[in-house]
Amino acid sequence: MNISGDFHVHSQFCPHGTSDRMEAYVKQAIESGLTHLTFTEHAPLPADFSDPAPSKDSSMPAESVKTYLEKARHLKKKYHDKLVIQVGLEVDYIAGFEKETCRLLEKWGPLIDDAILSVHMLRSPVGKFVCLDYSAEEFAAIVSLFGSVDAVYQAYYRTLLHAITSDLGRFKPKRLGHITLVEKFKKTFPPARIFEQEILEILSLMAENGMELDINTAGLYKEYCQSIYPPERFIRQAYELGIPLVPGSDSHQAAQIARGFGNLPDLQYALPQGI
Ligand SMILES: [Zn+2]
Ligand SMILES: [Zn+2]
């Protein structure tokens, strides 16, 4: 296995994470023997989009972006002989908010090295947005809103397809985040069927569009999930399709850097192509 870095990492700028400083993540990465680290803090949501998470803490506030980028630049210089540090954003794909997202990317794109496009927000059948991965209680409410677990899965995978084909401009992220995040609570809310076809369709569309796959180990540590996003058979499928596999721990705490990388299938992993 050739994993040299952790390419999906949060920081103290994430309001739902820990207060661990970026430098603590950097030190942990060096200690873990990594040569690369990419910060991908949650990008601010569009100004006219109301965060559906009950505590409204899904993303970094817009006024923090400048400081976040400055801190990263400072660490880049300070540790340049030990670690390649890149700074990026995890950008939400929100159906119907493509123009606003494109504008955010136009603003921040020139200042970042890399980005991930993720779906956390789903539009429910009644038009209200929900945050998919907030809590098991919230997921239960989402299931009621959609009518069934399968309907939530269906909507999630459909939204991912739209994310891949959406026009988000020249700074559209090349990497798709945790493509089975909908499985976060699967042990409590199991779907009635396997969404194999949907995931394979997503992978082939990603290959067609030259996208990278975020191989995200956070799911291994979620009580009701306990599997990688996506599970191993899909990672292998993606590999066969020639999709670059980019590992990430999705750490919200310094001690979690490179967590679970030993559980990844023995394949060739890629460095991000960058924004
Ligand atoms: Zn987060
Ligand atoms: Zn995410």
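Rules of the game
Residues numbered from 1 in each chain as written. Chains lettered and ligands numbered in written order. Predicted model: local features only at pLDDT ≥ 70, side-chain atom pairs only at ≥ 80, totals over all residues. Heavy atoms only, no water. Donors = N, O, S within 2.8 Å, 3.2 Å for Na, K, Ca; no water. Helix = DSSP H or I, 4+ residues; strand = E, 2+ residues; numbered from the N terminus. Buried < 20%, exposed > 50% of the residue type's maximum accessible area, 1.4 Å probe, protein only. UniProt positions renumbered as here; feature names shortened; annotations may be inferred. Expected span 1.5 Å × (residues − 1). Contact = heavy atoms within 4.5 Å. Pairing = 2+ DSSP bridges. Right-handed = clockwise from strand over helix to strand, strands pointing away. Disulfide = S-S within 2.5 Å. Phe/Tyr/Trp six-rings, centres within 6.5 Å; stacked < 30°, edge-to-face > 60°. Lys NZ or Arg CZ within 6 Å of the ring centre and 35° of its normal.

A. Structural detail: the coordination of the zinc ion (ligand 2). Those protein atoms acting as donors to the zinc ion (ligand 2) are Glu90 (OE), His120 (NE2) and His178 (NE2), and they sit at 2.1 to 2.3 Å. For the pair the zinc ion (ligand 2) and the zinc ion (ligand 1), the metal-to-metal distance amounts to 5.5 Å. With a gap of 88 residues between them, glutamate 90 in strand 3 (residues 84-92) and histidine 178 in the loop between strand 7 (175-176) and helix 6 (196-208) connect regions that are remote in the sequence. Each member of the pair glutamate 90 and histidine 178 is classed as buried.

B. How the structure looks around the UniProt feature "domain: PHP" (unreviewed entry) in the chain. Mapped onto this structure's residue numbering, the UniProt feature "domain: PHP" (unreviewed entry) falls at residues 6-218. Within the segment residues 6-218, helix and strand shares are 36% and 18% respectively, and the terminal C-alpha atoms sit 12 Å apart.

C. Spotlight on helix 2 (residues 65-78). Over its 14 residues, helix 2 runs 20 Å from end to end, which matches the ideal 20 Å to within 8%, given 1.5 Å per residue. On the buried face of helix 2, the contacting elements are helix 1 (22-31), strand 2 (36-42), strand 3 and helix 3 (98-108).

D. The coordination of the zinc ion (ligand 1), seen in detail. Taken together, His16 (NE2), His42 (NE2) and His252 (NE2) make up the protein donors of the zinc ion (ligand 1), found 2.0 to 2.1 Å from the metal. One chain supplies every donor for the zinc ion (ligand 1), spaced along it as H-x25-H-x209-H.

E. Structural context of the pairing of strand 2. In terms of burial, strand 2 is a largely internal element, seven of the seven residues being buried. Of the two faces of strand 2, the one carrying His36, Thr38, Thr40 and His42 and the one carrying Leu37, Phe39 and Glu41 are both buried. Both strand 1 (residues 5-9) and strand 2 contribute to a ladder of three bridges, which runs parallel. Paired with valine 9 across the bridge in strand 2 is phenylalanine 39. Here strand 2 pairs with strand 3 via seven bridges, running parallel. Note that in strand 3 the partner of histidine 36 across the bridge is valine 84. For the segment spanning strand 2, helix 2 and strand 3, crossover handedness is right-handed.

F. Spatial organisation of the state of the cysteines. Inspection of the entire model under this criterion finds zero disulfides. You can see cysteine 14 has no disulfide; the closest cysteine sulfur is in cysteine 131, sitting 11 Å from it.

G. Just the packing of aromatic side chains, in detail. Taken as a whole, this structure holds 11 aromatic pairs when the rule is applied. Through successive ring pairs, a cluster of aromatic residues spans Tyr153, Tyr156, Tyr157 and Phe195. Over the ring of phenylalanine 195 we find arginine 193, and its NZ or CZ is 3.9 Å from the ring centre.

H. Quick look at helix 3. Within helix 3, burial applies to Glu100, Thr101, Cys102, Leu105 and Trp108. Residues of helix 3 that are buried sit in contact with helix 2 and strand 3.

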